[in-house]
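# Remarks on the overall topology
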Amino acid sequence: MSTPNASPDASGQGSQQPGWSSQQPAPPAQPQNPYGQPGYGQMPYGQPGYGKPGPASPYDQGYGYVTVEKLRSNSTWVLVLGILGIIQILGIIGAIAAWVWGNSLIKQARDAGLPEDVVQNAKIGKILGIIEVALAGVCLLLLLVLIAIGAFAFSQNPGAY
């Protein structure tokens, strides 16, 4: 009966060789990543889990921390302008600013190839700005219609007023 560690030699006799032999591969110097990119044990950007492959972060794509965080910060300001415009603190001025600035930030992120979530707040602020401008337009149109109705009524019976 032969032992599991026995290897045949030229004479046909088995001999035990302790440790690593020339037939066995050497152990890896560093842990191997079975998933490829990103590195082993790193959590990919925007994907829950441990070490699973996924989309790389915008920072890994060469855009830099400053560029991405500047766009995020500005998109938050666009959202604030949109909210203040729709609740009539800044009115139509805030709404138009949110619409124009939000559109600019979305275009910058699209041109740079950044993911959509970097400027998500700018999209929401832009939509709020559009809604406020539309509501202000409807209110202005309604006001003009009421003025026209009043002018017509006054012209029909000027002595009654």
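Details of the structure are given in the entry above.
Below: a short report on this structure. (Residues numbered from 1 in each chain as written. Predicted model: local features only at pLDDT ≥ 70, side-chain atom pairs only at ≥ 80, totals over all residues. Heavy atoms only, no water.)

## What to know about the overall build of the protein chain
- Counting secondary structure elements, the protein chain contains three helices and two strands.
- Secondary structure elements in the protein chain, listed N-terminal to C-terminal, are β-β-α-α-α.
- In the protein chain, 48% of the contacts between residues at least 6 apart in sequence involve partners at least 24 apart. (Helix = DSSP H or I, 4+ residues; strand = E, 2+ residues; numbered from the N terminus. Contact = heavy atoms within 4.5 Å.)

## Brief notes about empty space enclosed by the protein
- Per the counting criterion, the structure on display carries one cavity of 30 Å³ or more.
- Looking at the largest cavity, its volume works out to about 50 Å³.
- Lining the largest cavity are Ile106, Ala109, Arg110, Leu114, Pro115, Glu116, Val119 and Lys123.
- Tallying contributions element by element places helix α2 (residues 91–112) first for the lining of the largest cavity, with three residues.
- A breakdown of the residues in the lining of the largest cavity according to their chemical character gives five nonpolar, no polar and three charged. (1 Å grid on protein atoms, 1.4 Å probe; cavity = no way out; pocket = protein on both sides within 12 Å on 5 of 7 lines; lining within 4 Å. Points joined across faces, edges and corners; volume = space filled by probe spheres on them. Nonpolar A, V, L, I, M, F, W, Y, C, P; charged D, E, K, R; others polar.)

## Regarding the nonpolar core
- Judged by nonpolar contacts, Val68, Leu71, Val78, Leu81, Ala98, Leu105, Ile106, Ala109, Leu114, Val118, Val119 and Ala122 together constitute the single largest core of twelve residues.
- Every element with two or more residues in this core is listed here: α1 (65–86) and α2.
- Once residues within four sequence positions are removed from consideration, alanine 98 is found in contact with Val78, Leu81, Gly82, Gly125 and Lys126. (Core = buried A, V, L, I, M, F, W, Y, C linked by side-chain atoms within 4.5 Å. Buried < 20%, exposed > 50% of the residue type's maximum accessible area, 1.4 Å probe, protein only.)

## Section: the environment of tryptophan 99
- As for its placement among the helices and strands, tryptophan 99 is situated in helix α2.
- A relative accessible area of 34% places tryptophan 99 in the partly exposed class.
- Separated by 20 residues in sequence, tryptophan 99 and leucine 79 place their C-alpha atoms 9.7 Å apart.
- Those residues in contact with tryptophan 99 that lie beyond four places of it in its chain are Lys126, Ile130 and Val133.

## Considerations on unusual backbone geometry
- Positive phi outside glycine occurs at glutamine 88, with the angle close to 65°.
- Structurally, the position occupied by glutamine 88 is in the loop between α1 and α2.

## Some thoughts on helix α3 (residues 120–156)
- Compared with an ideal rise of 1.5 Å per residue, which puts 37 residues at 54 Å, α3 spans 55 Å between its outermost C-alpha atoms and is within 8% of the ideal.
- Listed as buried for α3 are Ala122, Gly125, Lys126, Leu128, Gly129 and Glu132. (Expected span 1.5 Å × (residues − 1).)

## A closer look at α2
- Between its first and last C-alpha atoms α2 spans 32 Å; for 22 residues at 1.5 Å apiece the expected length is 32 Å, and the two agree.
- Turning to α2, its buried residues are Gly91, Gly94, Ala95, Ala98, Gly102, Leu105, Ile106 and Ala109. Mapping the buried residues of α2 onto a view down its axis gives an arc of 105°, with all of them on the same face. Exposed residues lying more than 90 degrees from the buried face of α2 are Ile93, Val100, Lys107 and Asp111.
- Taken from the residues just after α2, glycine 113 is the one with a positive phi, measuring 80°. (Arc of directions from axis to C-beta.)

## Describing the pattern of salt bridges
- Tallied over the full model, the rule gives three salt bridges.
- Lysine 107 is paired through a salt bridge with aspartate 111; the nearest N and O atoms lie 3.0 Å apart. Of this pair, lysine 107 and aspartate 111 are both found in helix α2, four residues apart, which corresponds to roughly one turn of the helix.
- Residue class for aspartate 111 comes out exposed when judged on its relative accessible area of 58%.
- Between lysine 123 and glutamate 116 there is a salt bridge, with its nearest N and O atoms 2.0 Å apart.
- Among the residues examined, lysine 123 registers a relative accessible area of 21% and is labelled partly exposed. (Salt bridge = Lys/Arg side-chain N within 4 Å of Asp/Glu carboxyl O.)

Honestly, that's just the spatial picture; any functional story needs more than this.
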